[in-house]
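Fold and contact review
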Amino acid sequence: MSTAPTPEPPAADPPQPSRPPRPNPALIFDDPLDQQSTDDTDRGWGDRPAGSGDSAADLARFLDEKPPHHL
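This write-up is about the structure you can find in this document. Fair warning: this is a prediction, and the values are worked out from it, not measured in the lab.

1. A short note on the overall build of the protein chain
In terms of helices and strands, the protein chain carries 1 helix and 0 strands. In the protein chain, which comprises 71 residues, the proportion classed as buried is 0%. Here the protein chain has roughly 7800 Å² of accessible surface; of this, 57% comes from carbon and sulfur atoms.

Here it is in structure tokens:
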């Protein structure tokens, strides 16, 4: 005679909701160098968009980008 409780059977896992199978990701075999990146453009390098040729804007850009040894 044992005083240990009788083990209960393991509880069954709750039913999982059925999900539609995930489609496999599409493989793309394009050449990535055929696409233009932002570094390929003037804007990607931090250049300002081309203006209307305003001399005040050109002067402002010149003063903003002047190297320190030209002060």
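2. Observations regarding a nonpolar patch on the surface
A surface patch of nonpolar side chains, amounting to about 310 Å² of accessible area, comprises Leu59, Phe62 and Leu63. Looking at the secondary structure, you find Leu59 in helix α1 (residues 55-64).

3. Looking at the pattern of salt bridges
Enumeration according to the criterion identifies 1 salt bridge in this entry. The partner of Arg61 in a salt bridge is Glu65, and the shortest N-O contact between them spans 3.2 Å.

Calculation criteria
- Residue positions within a chain follow its written sequence, with the count starting from 1.
- This being a predicted model, a pLDDT of at least 70 is required before a residue's local features are given, and a value of 80 or more before pairs of side-chain atoms are given or counted; all residues contribute to the totals for chains, interfaces and linings.
- Hydrogens and water molecules were not included; the side-chain quantities draw on all heavy atoms of the structure.
- The secondary structure listing takes helices from DSSP runs of H or I that are at least 4 residues long and strands from runs of E that are at least 2 residues long, numbered from the N terminus.
- In this scheme, a residue with accessible area under 20% of its type's maximum is buried, one over 50% is exposed, and one in between is partly exposed, where area comes from a 1.4 Å probe on protein chains only.
- For accessible areas, the Shrake-Rupley method is used with a probe of radius 1.4 Å. Any residue's cover is judged against the shown protein chains and nothing else.
- Candidates for patches are residues over 30% relative accessible area with no salt bridge; among them, like charges are joined within 9 Å and nonpolar side chains (Val, Leu, Ile, Met, Phe, Trp, Tyr) within 5 Å.
- Salt bridge, as used here: a side-chain nitrogen of Lys or Arg that lies within 4 Å of a carboxyl oxygen of Asp or Glu.

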